[in-house]
Amino acid sequence: SGKKSLGQGGFEKVIKMVDDMVNVLKTEQQDDDNKKEYCVLQFDSTDDKKKELERTLEEHDNAIATATEGIATLKDEIAALEKGIKDLDKSVVEATEQRKAENVEYKELMQS
């Protein structure tokens, strides 16, 4: 009977150790589940931020493209205006020469 009680006492210790280990594992599993949930939330949040930044980048790229197109259009308009000014300057010079010639003719006509 002494051996029997000693043997049962040994099993009780083992059973208690197994129960304690099961409780520790349950606690660790709960901690892991909580960490996983936190990580999933962080991944979602980070993914949302990434998408928002990608949209912002696309908007900026579009704005740059629009501005570049506007610059090209303005350069063309400036070139056209500069050509118009040169043409106008040329016609003013020609008109001035013509008026001078007509003035000389008029003076000669009046002197005679």
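See the structure above.
Here the structure is a predicted model, which is why all the values come from computation and not from measurement. (Residues numbered from 1 in each chain as written. Predicted model: local features only at pLDDT ≥ 70, side-chain atom pairs only at ≥ 80, totals over all residues. Heavy atoms only, no water.)

Here we take up the overall build of the chain. Counting its regular elements, the chain contains 1 helix and 0 strands. A compact globule built from 112 residues would reach a C-alpha radius of gyration of about 13 Å, whereas the chain, at 48 Å, exceeds it by more than 25%. Dimensions of the chain, computed from the C-alpha atoms along their principal axes, are close to 165 × 15 × 10 Å. Residue burial in the chain is summarised as follows: out of 112 residues, 0% are buried. (Helix = DSSP H or I, 4+ residues; strand = E, 2+ residues; numbered from the N terminus. Rg over C-alpha atoms; globule rule 2.2 N^0.38 Å. Buried < 20%, exposed > 50% of the residue type's maximum accessible area, 1.4 Å probe, protein only.)

Residues Val 14, Val 18 and Val 22 make up a contiguous nonpolar surface patch of roughly 220 Å² in combined accessible area. Here Val 14 shows up in helix H1 (residues 2–111). Residue Val 14 is classed as partly exposed on the basis of its relative accessible area of 44%. (Patch = residues over 30% accessible without salt bridge, like charges linked within 9 Å, V, L, I, M, F, W, Y side chains within 5 Å. Areas by Shrake-Rupley, 256 points an atom, 1.4 Å probe, with all protein chains shown as cover. Salt bridge = Lys/Arg side-chain N within 4 Å of Asp/Glu carboxyl O.)

In this section: the pattern of salt bridges. Considering all chains together, one arrives at 3 salt bridges under this definition. Here Lys 16 ties to Asp 20 by a salt bridge, and the two come within 3.1 Å at their closest N and O atoms. Pair noted here: Lys 16 and Asp 20 are both in helix H1, with a separation of 4 residues, about one helical turn. For Lys 51, the salt bridge is made with Asp 47, and the minimal N-O distance between the two is 3.4 Å. In this pair, Lys 51 and Asp 47 are both assigned in helix H1, 4 residues apart and thus about one turn of the helix distant. For Asp 47, a relative accessible area of 35% puts it in the partly exposed group.

Okay, a negative patch on the surface next. A grouping of Glu 28, Asp 31, Asp 32, Asp 33 and Glu 37 is seen on the molecular surface, where their side chains present a negatively charged patch. Turning to its location among the elements, Asp 33 is positioned in helix H1. (Lys, Arg positive; Asp, Glu negative; His and termini not counted. Charge placed at Lys NZ, Arg CZ, Asp CG, Glu CD.)

Attention now moves to the environment of Val 22. Note on placement: Val 22 falls in helix H1. Residue classification places Val 22 among the partly exposed positions, given a relative accessible area of 36%.

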